[in-house]
Amino acid sequence: MEKGICLGMRLCGKTFAMISAFRHVPESTIRFWWKQFLETGTVLRKTGSRGRRKTTARSDRNLIRWTRQHPFSSARQLLQAWGEAVTCRTVCNRLRAAGFRCRRPIKRPLLTQQNRVQREQWAMQRVDWRSPQWSRIVWTDESRFCVRVNDGRVRVWRLPGERLRSDLVIPTVQ
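The text that follows walks through the structure, step by step, so that each part is easy to find. (Residues numbered from 1 in each chain as written. Predicted model: local features only at pLDDT ≥ 70, side-chain atom pairs only at ≥ 80, totals over all residues. Heavy atoms only, no water.)

## Here we look at the nonpolar core
No. 1: Among the nonpolar cores identified, the biggest contains twelve residues, and these are Leu63, Ala75, Leu78, Leu79, Trp82, Val86, Val91, Cys92, Leu95, Phe100, Trp157 and Leu159.
No. 2: Listing elements by their share of this core, those giving two or more residues are α5 (75-82) and α6 (88-97).
No. 3: Ranked by the residues each element gives to this core, the list is headed by α5, at four residues.
No. 4: Contacts of leucine 79, omitting those with residues within four sequence positions, involve Glu84, Val86, Thr87, Cys88 and Val91.
No. 5: Residues Cys6, Leu7, Phe16 and Ile30 belong to the second largest nonpolar core, which totals ten residues. (Core = buried A, V, L, I, M, F, W, Y, C linked by side-chain atoms within 4.5 Å. Buried < 20%, exposed > 50% of the residue type's maximum accessible area, 1.4 Å probe, protein only. Helix = DSSP H or I, 4+ residues; strand = E, 2+ residues; numbered from the N terminus. Contact = heavy atoms within 4.5 Å.)

This is the structure in structure tokens:
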């Protein structure tokens, strides 16, 4: 739209400087558009000027399926499993187009089924407690100790809304 207005003004005899001042477009840009118009007869972008897509829709679905099965894999690992002759950036672009984002996973305490049952029983016994009963309990901070070696940054590929999905959460032990 802007290109057409500027070229129309030029065809009406306005100078590049006048068009630039009136439309707030750099004079060099207007000169470039004018030169392109004189050479090609249009200022529209060429169709098909982008590179050809290196993957098919079917191979993209395979990547998405593999990512759902192995959400903690890096883009490089996904590329090796995918087997396409593309870059890691292409893997990230395809996953982003499918709605995936690479995020830090949520960490929650590792709870066995027995831990869950005991916690529920404890809470149910105290569901009717009032302030005087709770004030007799002493709450303490727990110290953290590194039991296992930290292997670096862990990331997970997930869709929006899957933040708390149990298989995408890293259990922690303190």
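## Overview of the pattern of salt bridges
One side chain can pair with another of opposite charge once the charged atoms of both are near each other.
No. 1: Scanning the entire structure with this criterion turns up six salt bridges.
No. 2: Between glutamate 2 and arginine 23 there is a salt bridge, with its nearest N and O atoms 3.0 Å apart. Taken together, the residues glutamate 2 in helix α1 (residues 2-11) and arginine 23 in helix α2 (residues 16-23) connect sequence positions 21 residues apart.
No. 3: On the accessibility criterion, glutamate 2 (28% relative accessible area) is partly exposed.
No. 4: Its salt-bridge partner being glutamate 27, residue arginine 31 comes within 3.0 Å of it at the nearest N-O pair. Taken together, the positions of arginine 31 and glutamate 27, both in helix α3 (residues 27-40) and four residues apart, correspond to about one turn of that helix. (Salt bridge = Lys/Arg side-chain N within 4 Å of Asp/Glu carboxyl O.)

## Brief notes about α2
No. 1: Those residues of α2 not exposed but buried are Phe16, Ile19 and Ser20. Take α2 and look down its axis: the buried residues cluster within an arc of 100°, on one side only. Residues of α2 that are exposed and angled more than 90 degrees away from the buried face: Ala21 and Phe22.
No. 2: Looking at the residues trailing α2, positive phi occurs at histidine 24, about 60°. (Arc of directions from axis to C-beta.)

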